[in-house]
Amino acid sequence: MTTTLTCEPLAATVGAEVRGVDARQLAQDDAVAGAVLEALETYGVLVLRGLDLDPHSQVAFGRRLGQIDLEPGHHPVPGIYRVTLDTSKNASADYLRATFAWHMDGCTPLHGEPPQKATILSAKAVALAGGQTEFASTYAAYDALGDEDKARFAAIRVVHSMEYSQRHVVTDPTPEQLERWRQRPSSVHPLVWTHRDGRRSLVIGVSAGRVVGTDPDSGSALLADLLDHATAPGRVYRHEWQVGDTVIWDNTGLVHRATPYPRHSPREMLRTAVFGTEPIQ
Ligand code: OGA
Ligand code: MN
């Protein structure tokens, strides 16, 4: 069966708007799900405007892309995680302020599991100001490096931790906060991820804090430089949300962030995470 997904690129190196599919097809049609995965590999981010995907259909769609995360997510539908800064709707909302910094999801797993393959995010309520989501390809960032840097970076390993992520938004942590962050194990990842298909991407973002075997200052300067390089203005797609939009991203080959929005903003996003199958290596 042929599936017609129309993809229109949104930025030079990342993102495409998808037309020609509706919520029912995404939830029920395996061929459509296959075409979505293919487009995701090509474009990194897929935007489906005005899709109005209800939570159960979103979970059904996620299941067609892979195994999904069914941990409780402060939402009645299993497979949905509620993204909001409002602690009355999500008791763990404070952690989500770290989404204001460029990051990959799942770089500090509890038990060494690979980072998630894809994330589906749908807008239930939007911010009055701020609250856009920005994306930049870490494949494109690697490809744009010079040969010397590519060779130099091949052996570099980087320490990722929840503390690095949280310190970015909590500048003066309490001893209790520090203790909680430090309960989560840190992870060491190669700077360059060579994927099974041979493509290479950079593993960078706010969770990356230290280069193994290098003094802390020059290590963090290198990581900051690489993040600036990856997220230079011409390499970013910024999504301006409207209620009913759905965005899907390939979490293995890009960094993303939310632009800041207030703690009491009505903004509410429903997220479904598709587990990864490929370790960072
Ligand atoms: C996330 C995330 C960004 C946003 O849910 O992992 O980074 O714009 N969200 O809410
Ligand atoms: Mn995220």
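For the structure itself, look to the data block above.
Note that the structure is predicted; figures quoted are calculated from it, not measured.

## So, unusual backbone geometry
Negative phi is the rule for most residues except glycine; trans is the rule for most peptide bonds.
Next up, step 1: Within the chain, Asp-52 stands out as a residue other than glycine whose phi angle is a positive 50°.
Next up, step 2: With a relative accessible area of 56%, Asp-52 lands in the exposed category.
Next up, step 3: The backbone of His-74 shows a phi angle near 60°, a positive value even though the residue is not glycine.
Next up, step 4: Tracing the backbone shows His-74 in the loop between helix H3 (55–65) and strand E4 (81–83).

## Description of the sheet that holds strand E11 (residues 208–211)
Next up, step 1: Taking strand neighbours across the sheet as the criterion, the three strands line up as E8-E7-E11 in an open arrangement whose pairing is antiparallel. A single partner strand is all that each edge strand has here, and the edge strands are strand E8 (187–190) and E11. On average, adjacent strands in this sheet sit at an angle of 35° to one another, irrespective of strand direction.
Next up, step 2: Here strand E7 (residues 157–160) runs beside E8; their pairing, made up of four bridges, is antiparallel. Among the inter-strand pairings, Val-159 is bridged to a residue of E8, identified as Val-188.

## Points about the packing of aromatic side chains
Next up, step 1: According to the stated counting rule, one finds two aromatic pairs in the structure shown.
Next up, step 2: Summarising the aromatic geometry, the rings of Phe-100 and Tyr-261 are spaced 5.4 Å apart at their centres and angled 70° between planes, so their arrangement reads as edge-to-face. Here Tyr-261 lies in the loop between strand E14 (254–258) and strand E15 (268–274) and Phe-100 lies in the loop between E4 and strand E5 (118–125), a separation of 161 residues in the sequence. Each member of the pair, Phe-100 as well as Tyr-261, carries the same accessibility label: buried.
Next up, step 3: Ring geometry for Phe-135 and Trp-249: centres 5.3 Å apart, planes at 55°, overall tilted. With Phe-135 in strand E6 (residues 133–137) and Trp-249 in strand E13 (residues 246–250), this pair connects stretches of sequence that are 114 residues apart. The same class applies to Phe-135 and to Trp-249, which are both buried.
Next up, step 4: Between the NZ or CZ atom of Arg-199 and the centre of the ring of Tyr-139, over which it lies, the distance is 3.7 Å.
Next up, step 5: Here the basic side chain of Arg-271 rests over the ring of Tyr-81, its NZ or CZ set 4.5 Å away from the ring centre.

## Things to note about the nonpolar core
Next up, step 1: Judged by nonpolar contacts, the single largest core of 27 residues is most densely connected at Leu-26, Val-36, Leu-46, Phe-61 and Ile-248.
Next up, step 2: When residues of this core are traced back to their parent elements, those giving at least two are strand E2 (16–19), helix H1 (23–28), helix H2 (30–43), strand E3 (45–48), H3, E5 and E15.
Next up, step 3: The leading source of residues in this core is H2, at six residues.
Next up, step 4: Look past the residues within four positions of Ile-248 in its chain and what remains in contact with it is Val-36, Leu-40, Gly-44, Val-45, Leu-46, Leu-48, Phe-61, Thr-119 and Ile-120.
Next up, step 5: Core analysis: the next-biggest nonpolar cluster, separate from the first, contains 26 residues, Met-104, Leu-191, Val-203 and Ile-280 among them.

Criteria and cut-off values
Residues numbered from 1 in each chain as written. Chains lettered and ligands numbered in written order. Predicted model: local features only at pLDDT ≥ 70, side-chain atom pairs only at ≥ 80, totals over all residues. Heavy atoms only, no water. Buried < 20%, exposed > 50% of the residue type's maximum accessible area, 1.4 Å probe, protein only. Helix = DSSP H or I, 4+ residues; strand = E, 2+ residues; numbered from the N terminus. Pairing = 2+ DSSP bridges. Axes fitted to C-alpha atoms, helices over the stretch in contact; angles between N-to-C directions. Phe/Tyr/Trp six-rings, centres within 6.5 Å; stacked < 30°, edge-to-face > 60°. Lys NZ or Arg CZ within 6 Å of the ring centre and 35° of its normal. Core = buried A, V, L, I, M, F, W, Y, C linked by side-chain atoms within 4.5 Å. Contact = heavy atoms within 4.5 Å.

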